[in-house]
Amino acid sequence: MAAPMELSCWGGDWGLPSLHPECLTVMAYAKFSGAPLTVNTVNNSWRAPKGDLPVLVSEDIVISQPAKILNFLRKQKYNADYVLSAKQGADTLAYIALLEEKLLPALLHTFWIEAENYCSVTKPWFASKIAFPLSLYLPGKMSREALNRILLTKGGPPLYSLTEVEAQIYRDAKECLNLLSKRLGTAQFFFGDTPTTLDAFAFGFLAPIYKVCFPRVQLQEHLKQLPNLCRFCDDILTCYFRLPVSDPALIVSLQMDDNLRKSPKHPPRKLTTLKLAAGGEESSPMSRLSP
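Cut-offs used in this document
- Residues numbered from 1 in each chain as written.
- Predicted model: local features only at pLDDT ≥ 70, side-chain atom pairs only at ≥ 80, totals over all residues.
- Heavy atoms only, no water.
- Core = buried A, V, L, I, M, F, W, Y, C linked by side-chain atoms within 4.5 Å.
- Buried < 20%, exposed > 50% of the residue type's maximum accessible area, 1.4 Å probe, protein only.
- Helix = DSSP H or I, 4+ residues; strand = E, 2+ residues; numbered from the N terminus.
- Contact = heavy atoms within 4.5 Å.
- Axes fitted to C-alpha atoms, helices over the stretch in contact; angles between N-to-C directions.
- Parallel < 35°, antiparallel > 145°, perpendicular 65-115°, else oblique.
- Left-handed = near helix turned anticlockwise from the far one by under 90°.
- Nonpolar A, V, L, I, M, F, W, Y, C, P; charged D, E, K, R; others polar.
- Salt bridge = Lys/Arg side-chain N within 4 Å of Asp/Glu carboxyl O.

Chemist: Tell me about the nonpolar core, and name the residues and values.
Modeler: Among the nonpolar cores identified, the biggest contains 87 residues, and Leu 73, Leu 103, Leu 206 and Phe 232 are the most heavily contacted of them. Looking at this core, the element that brings in the most residues is helix α3 (residues 86-113), giving 11 residues. The contact partners of Leu 73, leaving out residues within four places of it in the chain, are Met 5, Tyr 29, Ala 35, Leu 37, Leu 56 and Tyr 78.

Chemist: Go over the environment of Ser 64, please, and point to the residues and values.
Modeler: Looking at where Ser 64 falls in the secondary structure, it is placed in strand β4 (residues 61-64). Residue class for Ser 64 comes out partly exposed when judged on its relative accessible area of 30%. For the pair Ser 64 and Ser 8, spaced 56 residues apart in sequence, the C-alpha separation works out to 9.7 Å. Discounting chain neighbours no more than four positions away, the residues touching Ser 64 are Asp 52, Pro 54, Val 55 and Ile 69.

Chemist: Lay out the packing of helix α1 (residues 21-33) against helix α2 (residues 66-75) in plain terms, naming residues and giving numbers.
Modeler: Between α1 and α2, the shortest axis-to-axis distance is 10 Å and the interhelical angle comes to 15°. By the angle between their axes, α1 is roughly parallel relative to α2. Between α1 and α2 lies a crossing whose hand is right-handed. The segment α1 lies against α2, with Glu 22, Val 26 and Tyr 29 engaging Pro 66, Ile 69, Leu 70, Leu 73 and Arg 74. Within the contact of α1 with α2, the residues separate by chemical class into six nonpolar, no polar and two charged.

Chemist: Mind laying out the packing of α3 against helix α5 (residues 138-154), listing which residues take part and the relevant values?
Modeler: Contact geometry of α3 with α5 gives a least axis separation of 9 Å together with a crossing angle of 150°. Considering the angle they form, α3 stands roughly antiparallel to α5. As α3 packs across α5, the resulting crossing turns out to be left-handed. Across the interface between the two elements, Glu 101, Leu 104, Pro 105, Leu 108, His 109, Trp 112 and Ile 113 from α3 touch Pro 139, Met 142, Ser 143, Ala 146, Leu 147, Arg 149, Ile 150, Thr 153 and Lys 154 from α5.

Chemist: Please set out the pattern of salt bridges residue by residue, giving values where relevant.
Modeler: Under the counting rule described, the total for this entry stands at eight salt bridges. As a salt-bridge pair, Asp 81 and Arg 74 come within 3.6 Å of each other at their nearest N and O atoms. Of the residues examined, Asp 81 reaches a relative accessible area of 16% and is grouped as buried. For Arg 231, the salt bridge identified is with Asp 235, shortest N-O distance 3.7 Å. Taken as a pair, Arg 231 and Asp 235 lie in helix α9 (residues 227-240) at a separation of four residues, close to a single helical turn. Asp 235 sits in the partly exposed class, given a relative accessible area of 25%.

So this is what it looks like as structure tokens:
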């Protein structure tokens, strides 16, 4: 009998099973491959997270980072890519690298760096899922880590100011969305009628942009101009997560105190030169998948 597998991840809202892109990626892959995961969402308990979700536990094995979790599931014979050719496998790695390089920085900026989004939505939502007093600290730590990741990948010459970096990452993200839309075309999934690893990563990156209600929606507006990508997200939510997205009664709205909704808006951070925030370097959780 296979050992039980438990996945700890951030919870969901706005019709999503999780708001966290990396958690969504693993949850989608588990659905596609038929892996019997028990999902434990973070709640307001003293077992608060350390910001390193998702985490998979199977007996005495503890694994974090989506690529490592997916590789572990493959070793347990839960493989969503068994129908792919060698060329399609190579294309999968290339498109995942494209998502990480071009779309992830803008996604992180939308959630964690854009001041209005962070103060009115991201910070209060994540703080509501974490026990006091860590709820006062972890959202800020996650925001600093997001800034570090953006600057590590996009902060080199010739981009010397945060304003220049912001403009570039959104140009790159929109280009990435256009390429994904062209690659998907009229197909249900990226390689036909069967969802694979690429679909899991694409869904994990796209769905939060598509669904979360932010006051600043530059990237969301562009995504909604690409109806095949929106249909792709809706189909996965409906078919694999049993969330009829057209039924508002089943979509949980974010409820928070009026004081949180009216949090003061701070101007975007300005940097004369790009420097890492406190915390130093960190490795990307989207490590390259093994072929």
